[in-house]
Amino acid sequence: MSEIRIFYREDNRLKLSKDIEVLKRAPRENLLWIDLNDVPEEAESRLEQFLKIYIQEEEEMEEIEISSRYMETENSLVANSRFLLSNFEEETVSFIIKDNTLVSVRSQELPSFNDTMRKLFASPRSYPTGYHVLTTLLETRVDYDADLIEDLTREITELSSHLKSEEDVDNAILIAIKELQERTMIIRENIVDKQRVCSNMIKSILIPADAKAKMSILIKDINSLFEHLRFSFDRLEYMQDTFLGLVNIQQNKIIKIFTIVSVVFMPPTLVASIYGMNFKFMPELEWKFGYPFAIVLMICGVIGILWYFKRKKWF
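Residues numbered from 1 in each chain as written. Predicted model: local features only at pLDDT ≥ 70, side-chain atom pairs only at ≥ 80, totals over all residues. Heavy atoms only, no water.

**Q** An account of the nonpolar core is needed here, citing residue identities and associated values.
**A** What tends to happen in soluble globular proteins is that the nonpolar side chains get buried as a cluster. Judged by nonpolar contacts, the single largest core of 55 residues is most densely connected at W33 and I187. Secondary-structure elements contributing two or more residues to this core are β3 (31-37), β5 (76-84), β6 (90-98), α3 (111-122), α4 (130-160), α5 (171-202) and α6 (209-264). The element that contributes the greatest number of residues to this core is α6, accounting for 13 residues. In this structure W33 touches R5, I6, F7, L102, S104, F113, T116, M117, L120, V133 and L137, once residues within four positions along its chain are discounted. The next biggest cluster of nonpolar side chains, apart from the first, holds 20 residues, and it includes I6, V22, L51 and V105. (Core = buried A, V, L, I, M, F, W, Y, C linked by side-chain atoms within 4.5 Å. Buried < 20%, exposed > 50% of the residue type's maximum accessible area, 1.4 Å probe, protein only. Helix = DSSP H or I, 4+ residues; strand = E, 2+ residues; numbered from the N terminus. Contact = heavy atoms within 4.5 Å.)

Structure, rendered in structure tokens:
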């Protein structure tokens, strides 16, 4: 849904307007945050002319190189970052700060933005500039990433409980492990993106000192998330190795059974082969008890092989 939200100060109070016409009467220095959610090109063009900025198109934000996701001039900065959606797809968001006013450009609804707006109205004095708003946006997003990692850890624990013996081996478990590995890597790449933005911002001379202090704490939180992700990925690799080990045990048991069966039936096959030869002189052919003798000989061969295997504890 197309929507524009303009946060500005008037009479020492924070106000919200969804009408771009408010830019005509609100002093430039009173603008705090302009959030553009899938707005028409006409509204973007008006905003570009008013703020003297350039708003990247969605295709540009997607195709821009990683090394160019952060740009800074004397009085402005541009940062592009990826925000994860609930289905683990990524939404690229562009942040532009000029003269302490933050402009965010996105094309989908993101919970972290709504949470930041609530924080903004709960404590307006904590957000004197757009830099402080951007810092809170990134903090909120990292909190969401932490929740995703907790959910991921819970799923890994539940999946691990199914791998207790080779009887529980199922291809669905291997597919689930693969999916969890993919999600882990997606979260990691997303957090690396946040780390890069924060690292660039903390080196900027434009960022206020108190916002930099929050950025430092945020980078430490991000590093701790990396540790959790590394543990989760190691755990998934261990589960994958365990799964493959159980599969090998299961296959070895099957191969062992077939091997025993083939060896057990070798003596009867030998006896049957001998008496199936068409030689003219075979003493047992004219013997009254020749047939029972051959049967007993086969049975004794089977019993002898089974006794030998049992003694060697091969089954």
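More follows now that the structure is in view.
**Q** Quick rundown of a negative patch on the surface? Include the residues and the values.
**A** A cluster of acidic side chains, namely D143, D147, E150 and D221, defines a negative patch on the protein surface. Ranked by the residues each element gives to the negative patch, the list is headed by α4, at three residues. If you trace the backbone, D143 turns up in helix α4. For D143, a relative accessible area of 45% translates into the label partly exposed. (Patch = residues over 30% accessible without salt bridge, like charges linked within 9 Å, V, L, I, M, F, W, Y side chains within 5 Å. Areas by Shrake-Rupley, 256 points an atom, 1.4 Å probe, with all protein chains shown as cover. Salt bridge = Lys/Arg side-chain N within 4 Å of Asp/Glu carboxyl O. Lys, Arg positive; Asp, Glu negative; His and termini not counted. Charge placed at Lys NZ, Arg CZ, Asp CG, Glu CD.)

**Q** So what's going on with the side chain of R5? Residues and values would help.
**A** Looking at the element boundaries, R5 is found in strand β1 (residues 3-10). Exposure remark for R5: the relative accessible area of 12% places this residue in the buried category. Here N114 takes part through its side chain, which lies 3.2 Å from a polar atom of the side chain of R5. Once residues within four sequence positions are removed from consideration, R5 is found in contact with L16, S17, W33, I34, D35, R106, E109, N114 and M117. (Polar contact = N/O pair within 3.5 Å; in protein donor to acceptor, adjacent residues only side chain to side chain.)

**Q** Just give me the short version of the packing of aromatic side chains, but keep the residues and values in it.
**A** Here a ring pair, both rings aromatic, is described through the centre-centre distance and the interplanar angle of the planes. In the structure shown here, the tally under the stated rule is six aromatic pairs. Summarising the aromatic geometry, the rings of W33 and F113 are spaced 6.1 Å apart at their centres and angled 40° between planes, so their arrangement reads as tilted. In this pair, W33 sits in strand β3 while F113 sits in helix α3, placing the two residues 80 residues apart along the sequence. As far as burial versus exposure is concerned, W33 and F113 are alike and both buried. When the centroid spacing of 5.8 Å and the interplanar angle of 55° are considered together, the rings of F83 and F113 count as tilted. With a gap of 30 residues between them, F83 in strand β5 and F113 in helix α3 connect regions that are remote in the sequence. On the basis of relative accessible area, F83 is assigned to the buried category, the value being 0%. Overall, the relative accessible area of 0% leaves F113 in the buried class. Chaining the aromatic ring pairs together yields one cluster made of F7, W33, F83, F95, F113 and F121. Here the basic side chain of R106 rests over the ring of F113, its NZ or CZ set 4.2 Å away from the ring centre. (Phe/Tyr/Trp six-rings, centres within 6.5 Å; stacked < 30°, edge-to-face > 60°. Lys NZ or Arg CZ within 6 Å of the ring centre and 35° of its normal.)

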